[in-house]
Amino acid sequence: MDWQYIWEGILEGLAQTTLLEAVAAFFGVASVFYSIKKNILVFPTGIISTLIYIYITVVVGLYADMGINFYYTAMSIYGWYVWSKPTPTGEERPVTYLKKSGIFYSVAIFAASYLTLYLVLSNYTDSTVPYWDSFTTSSAFVGMWLMAKKKVENWIAWIITDLVSVPLYWHKGLILTSFQFMVFTVLAILGLIAWMKAAKKPIYA
């Protein structure tokens, strides 16, 4: 591996990073941090980041990612409502695991969204990365839905999304965003561990 080439690419990419991308990356990392802490600030910080990324992804031609950022924004509003709404007993909504049926639905949603997105991107847009753009968008789609529901498994979806997003955004010249997803990968692993501890016993709901 040519580390000199990688380092030069990092420096060049950072030099080309816009203030807008930097702000989006900052609020994106903040959102993940608050998610790990199960803090409701995950949603307002996430909304700021996703609104900026809607613009950025249009500019670089990541059309599926543009769509997922619209979805993130909508689900952040929904999640904000769900998390702020107490349970019937007046307690904070607990972290829980998916039932077997929930796992099946999650996989089915991923498969259906991937196929739909790939067909749309490959036939109706000028996307140069329809396979990978569709993959990260579909896995993130599932991850955001599970996070709004406070399901432990949301972190598994995010880990997969982040790992694939690193080379995808690097390929598109968004170096800072690529590194943001490296950080996201580490944070998602920490989030998975933290939420597993928070659930304590496997609570399936």
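Throughout, residues of each chain are indexed from 1 in the direction in which the sequence is written. Since the coordinates come from a predicted model, pLDDT governs what is reported: local features require at least 70, and pairs of side-chain atoms require 80 or more to be given and counted, while whole-chain, interface and lining totals use all residues. The side-chain figures draw on all heavy atoms in the structure; neither hydrogens nor water molecules are used.

Visitor: Give a detailed account of the side chain of threonine 45, specifying residues and quantitative values.
Guide: In DSSP terms, a helix is any run of H or I states spanning at least four residues, a strand is any run of E spanning at least two, and both are numbered starting from the N terminus. Tracing the chain through its elements places threonine 45 in helix α3 (residues 42-60). Exposure classes here rest on a 1.4 Å probe applied to the protein chains alone. A residue is buried below 20% of its type maximum, exposed above 50%, and partly exposed in between. Judged by relative accessible area, which is 10%, threonine 45 ranks as buried. Working rule for contacts: check all heavy atoms of both residues, and any pair within 4.5 Å makes them a contact. Not counting chain neighbours up to four residues away, the residues in contact with threonine 45 comprise Phe27, Ala30, Ser31 and Tyr34.

Visitor: Break down empty space enclosed by the protein for me, with residues and values.
Guide: Detection works on a 1 Å grid of protein atoms alone, calling trapped sets that fit a 1.4 Å probe cavities and calling open sets with protein on both sides within 12 Å along at least five of seven lines pockets, with lining residues defined by an atom within 4 Å of a point. Grid points are joined across faces, edges and corners, and a volume is the space filled by probe spheres set on the points. All told, the structure shown has one cavity of 30 Å³ or more when counted by the stated rule. Of the volumes computed, that of the largest cavity is approximately 480 Å³. Taken together, 30 residues line the largest cavity, and the ones lying closest to its centre are Val32, Thr50, Tyr72, Trp158 and Phe184. Among the secondary structure elements, those contributing two or more residues to the lining of the largest cavity are α2 (19-36), α3, α4 (63-84), α6 (130-148), α7 (154-171) and α8 (175-199). Note on residue classes: Ala, Val, Leu, Ile, Met, Phe, Trp, Tyr, Cys and Pro are nonpolar, Asp, Glu, Lys and Arg are charged, and everything else, Gly too, is polar. Here the lining of the largest cavity is built from residues that sort into 14 nonpolar, 14 polar and two charged.

Visitor: Give me the layout of surface pockets: which residues, what numbers.
Guide: There is about 280 Å³ of room inside the largest pocket. Lining the largest pocket are 13 residues, with Ser106, Val142, Ile156, Ala157 and Ile160 positioned closest to its centre. Only α5 (100-124), α6 and α7 provide two or more residues apiece to the lining of the largest pocket. Residues of the lining of the largest pocket, tallied by class, amount to 10 nonpolar, two polar and one charged.

Visitor: So what's going on with the nonpolar core? Residues and values would help.
Guide: The set of buried Ala, Val, Leu, Ile, Met, Phe, Trp, Tyr and Cys residues whose side-chain atoms join them within 4.5 Å is what this entry labels a nonpolar core. Judged by nonpolar contacts, the single largest core of 38 residues is most densely connected at Met144, Met147, Trp155 and Trp158. Elements that contribute at least two residues to this core include exactly α2, α3, α4, α6, α7 and α8. Per-element tally for this core: the top contributor is α8, with seven residues. Those residues within four positions of tryptophan 155 in sequence are excluded, and the remaining contacts are Val32, Ser35, Ile36, Leu187, Ala188, Gly191, Leu192 and Trp195.

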